[in-house]
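Summary of structural features
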Amino acid sequence: MSTLISDESLVADVDEAGPGKALATEPWWKGAVIYQIYPRSFLDTTGSGIGDLDGIIRKLDYVASLGVDAIWISPFFTSPMKDYGYDVADYCDVDPAFGSLRDFDRLIERAHEVGLKVVIDQVYSHTSDVHPWFIESRSSRTNAKADWYVWADAQSAGSPPSNWQSVFGGPAWSWDARRQQYYMHNFLREQPQLNVHNPDVQNALLGVAKFWLDRGVDGFRLDAINFSMHDRALTDNPPSNIPMSEVTRPFDMQQHVNNQSQPEIPAFLERIRALMDEYGVKYTVAEVGGPHPIGEMKAFTEGNGRLNSAYSFDFLYAEDIDSGRVTDSLSQWPGLKNEGWPSWAFSNHDTPRAISRWTEPKHRDQAAKALNMLLLSLRGNPFIYQGEELGLPQSEVPFERLLDPEAIANWPRTLGRDGARTPISWEAEAPYHGFSSVDPWLPVDPEHGAYAVSRQDGDPASCLNATRALVGLRRNLDALKTGALKVLQSDQGLLVLERVGADDALICAFNLSGGPRTFEFKGTLDILARENGAAMAEAKQTVELLPWSGLWGRLRD
């Protein structure tokens, strides 16, 4: 069966402007390739063992050499680091561990000089418990910010107001002796839940957005935005009824229909979009997690008055990759009228690296290239997580070096997040692989030396240079950036996509299995790029794909 994915607005542009003119009307972010930087693990320039903003500045030429359009920087705001920056104590300042606001201004200036847009995280569902807003809110039930967080009385027997559970384990409620009430936290108890239903809270968050827009940022990733509002009646969540063998935390045992995902969220997103539009063409992407997020992703990006895009989790927690999974994910974004624009990632700072989840060690070097090629073939915005361009596997972090509160709480049921957050290897022979002059906050994986930038930079066959070539090629192919998508074949690890732009038609073919595959086509195929032995057969109109290989070709009649 074929799944047709089109973009009606693009078709309209083509009809009006003529062939080859559609891209001129598209905003910069549509189809952009975005490189995620986790600043703690990118480059330490101060000898603290923690990466910093100056480290990002020093490596912006390297990032630009990848050919990407933008960077997304994970939180660098003032924070006690209970959840490593996602517990914000001051939305409008830089944590001293990372530098200063002046350093951030220099980063923006240098990024723009080398042609990179800058997208930053905004954490609007919760703050740190040492944020001044929460300190005031917890001081009494009558202060000016008393209703800025989610507070509720105990039930008659002293138990929490509802059965809601925290993502990190245990109840989503903690008792506060000052107010003689419980406060809500979907994550750590040190991350109290903002009451985003409150217009004053919304106004304050919009003020935060304006602060960073005024400093020149080009967009926001809205972290855990589906957690930003709760059911005000505090109704209990129903059970999920999943087997106990699949449970790693109490959070898994509920359907999260009342502690998050409320129908009032889109109205707040419209306020954010209205502000963003005052600053020209900016990019907004929603992080929407959960077992069935597609409905919210569509609602958050619907029309021209909400967010531009939503960040898919379809691949981030997947234990394997196959053609069926890719086809199913792509079919959720058929390009209907008023539909938002998808964004895709195979790895990030919250999940084990895809190359380790999806492949055996013997296939990893070749699979890394094929998977990067696949990511760049999807209709939407590809997000490349730092190190993915190098083919970095997941690091093994011993229990005694774990820092991730989720990993520690759920050991050994989950791998946690530390193994995907270890420092980047820049120089194979340097102490700590060139990341720092001292033992870093998380250990450098000795096996990552073989993947270091210094080892790959001058090797034409390396994953790094393969990624550079693919990103550079994609930049000039309208069909890959914004074109329609059709699944031509999807079975037994073979995935064949057709991407069609205003004046171009491409075939993107992949073998995601350990055995050889072939496919036949009509017409003439001019090969533009191939990885790991993909080639035309002697019979012409047939392509042979070795295990974990991929190919891009221009289709001609």
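As shown above, the structure is provided for reference.
Focus: the overall build of the chain
Each helix and strand counted, the chain has 15 helices and 22 strands in total. Its C-alpha atoms put the chain at 80 × 55 × 50 Å along the principal axes. Taking all 557 residues of the chain together, the buried fraction comes to 61%. A separation threshold of at least 6 residues defines the contact pool for the chain, and within that pool the share at least 24 residues apart is 69%. Summed over all atoms, the accessible surface of the chain reaches about 21100 Å², with 50% contributed by carbon and sulfur. For the chain, the centre of its 51 positive side-chain charges and the centre of its 76 negative side-chain charges are spaced 2 Å apart.

Considerations on the side chain of Ser-228
Here Ser-228 lies in the loop between strand 10 (219–223) and helix 7 (265–277). Ser-228 gets classed as buried once you look at its relative accessible area, which sits at 0%. Side-chain polar atoms of Ser-228 contact the backbone oxygen of Ile-225, separated by 2.7 Å. Ignoring any residue separated from it by four or fewer positions in sequence, one finds Ser-228 in contact with Ser-125, Gln-193, Leu-194, Val-196 and Ile-265.

Here's the deal with the pattern of salt bridges
Scanning the entire structure with this criterion turns up 36 salt bridges. The salt bridge partner of Arg-106 is Asp-54, with a shortest N-O separation of 3.1 Å. In this pair, Arg-106 is assigned in helix 4 (residues 101–113) and Asp-54 in helix 2 (residues 53–58), connecting sequence segments 52 residues apart. Judged by its relative accessible area of 17%, Asp-54 is buried. For Arg-306, the salt bridge identified is with Glu-302, shortest N-O distance 3.5 Å. Here the salt bridges do not stand alone but share partners, grouping Asp-83, Arg-249, Asp-252, Asp-350, Asp-404, Glu-406, Arg-417 and Arg-421 into one network.

So, the state of the cysteines
Applying the stated rule across the entire model yields 0 disulfides. No disulfide involves Cys-463; its nearest neighbouring cysteine sulfur is the one of Cys-508, lying 18 Å away. Under the relative-accessibility criterion, Cys-463 is labelled buried at 7%. For Cys-508, a relative accessible area of 0% corresponds to the buried category.

Section: unusual backbone geometry
Phi at Ala-224 is positive, roughly 45 degrees, even though this residue is not glycine. Summarising the element assignment, Ala-224 is placed in the loop between strand 10 and helix 7.

A few points about a nonpolar patch on the surface
Together, Phe-399, Ile-408 and Trp-411 make up a nonpolar patch on the protein surface, roughly 300 Å² of accessible area in all. Along the chain, the position of Trp-411 falls in the loop between helix 12 (405–410) and helix 13 (453–456).

As for the side chain of Arg-273
Along the chain, Arg-273 falls in helix 7. Residue classification places Arg-273 among the buried positions, given a relative accessible area of 13%. A distance of 2.6 Å separates the side chain of Arg-273 from the backbone oxygen of Arg-306, its partner in a polar contact. In this structure Arg-273 touches Asn-304, Gly-305, Arg-306, Leu-307 and Asn-308, once residues within four positions along its chain are discounted.

Focus: the environment of Pro-342
Here Pro-342 shows up in strand 13 (residues 341–345). Between the alpha carbons of Pro-342 and Arg-499 there is a distance of 16 Å; along the sequence they are 157 residues apart. Among residues more than four places away in sequence, those in contact with Pro-342 are Ser-309, Ala-310, Trp-333, Arg-379, Gly-380 and Asn-381.

Examining the nonpolar core
Residues Tyr-35, Ile-71, Phe-76 and Trp-212 are the most contacted members of the largest nonpolar core, which totals 130 residues. The biggest single contributor to this core is helix 6 (residues 199–214), with 8 residues. Setting aside residues up to four positions removed in sequence, Tyr-35 forms contacts with Phe-42, Tyr-62, Val-63, Leu-66, Val-68, Ala-70, Ile-71, Trp-72, Ile-384, Gln-386, Gly-387 and Glu-389. Formed by 11 residues, the second largest nonpolar core is a distinct cluster that contains Leu-494, Ile-507, Phe-521 and Val-543.

Focus: the environment of Val-201
Within the secondary structure layout, Val-201 lies in helix 6. When its relative accessible area of 0% is taken as the criterion, Val-201 is described as buried. Residues Val-201 and Asp-147, 54 residues apart in the sequence, show an inter-C-alpha distance of 9.0 Å.

A short note on the packing of helix 6 against helix 7
At a closest axis distance of 10 Å, the pairing of helix 6 and helix 7 adopts a crossing angle of 30 degrees. The pairing of helix 6 with helix 7 is recorded here as roughly parallel in orientation. Here helix 6 and helix 7 pass one another in a crossing that is right-handed. Contacts between helix 6 and helix 7 pair Pro-199, Gln-202, Asn-203, Leu-205, Leu-206, Ala-209, Lys-210 and Leu-213 from the former with Phe-268, Arg-271, Ile-272, Leu-275 and Met-276 from the latter. Residue classes in the contact of helix 6 with helix 7 are distributed as 9 nonpolar, 2 polar and 2 charged.

Some points on the packing of helix 11 (residues 364–375) against helix 14 (residues 463–475)
How two helices pack is summed up by the angle between their axes together with the distance between the axes. It is at 10 Å that the axes of helix 11 and helix 14 come closest, and there the two elements cross at 20 degrees. The orientation of helix 11 with respect to helix 14, classified from their angle, is roughly parallel. Considering the relative orientation of helix 11 and helix 14, their crossing is right-handed. The residues of helix 14 that touch helix 11, namely those facing Ala-368, Lys-369, Asn-372 and Met-373, are Cys-463, Ala-466, Thr-467 and Leu-470. Split into classes, the residues belonging to the contact of helix 11 with helix 14 amount to 5 nonpolar, 2 polar and 1 charged.

What counts and what doesn't
Residues numbered from 1 in each chain as written. Predicted model: local features only at pLDDT ≥ 70, side-chain atom pairs only at ≥ 80, totals over all residues. Heavy atoms only, no water. Helix = DSSP H or I, 4+ residues; strand = E, 2+ residues; numbered from the N terminus. Buried < 20%, exposed > 50% of the residue type's maximum accessible area, 1.4 Å probe, protein only. Contact = heavy atoms within 4.5 Å. Areas by Shrake-Rupley, 256 points an atom, 1.4 Å probe, with all protein chains shown as cover. Lys, Arg positive; Asp, Glu negative; His and termini not counted. Charge placed at Lys NZ, Arg CZ, Asp CG, Glu CD. Polar contact = N/O pair within 3.5 Å; in protein donor to acceptor, adjacent residues only side chain to side chain. Salt bridge = Lys/Arg side-chain N within 4 Å of Asp/Glu carboxyl O. Disulfide = S-S within 2.5 Å. Patch = residues over 30% accessible without salt bridge, like charges linked within 9 Å, V, L, I, M, F, W, Y side chains within 5 Å. Core = buried A, V, L, I, M, F, W, Y, C linked by side-chain atoms within 4.5 Å. Axes fitted to C-alpha atoms, helices over the stretch in contact; angles between N-to-C directions. Parallel < 35°, antiparallel > 145°, perpendicular 65-115°, else oblique. Left-handed = near helix turned anticlockwise from the far one by under 90°. Nonpolar A, V, L, I, M, F, W, Y, C, P; charged D, E, K, R; others polar.

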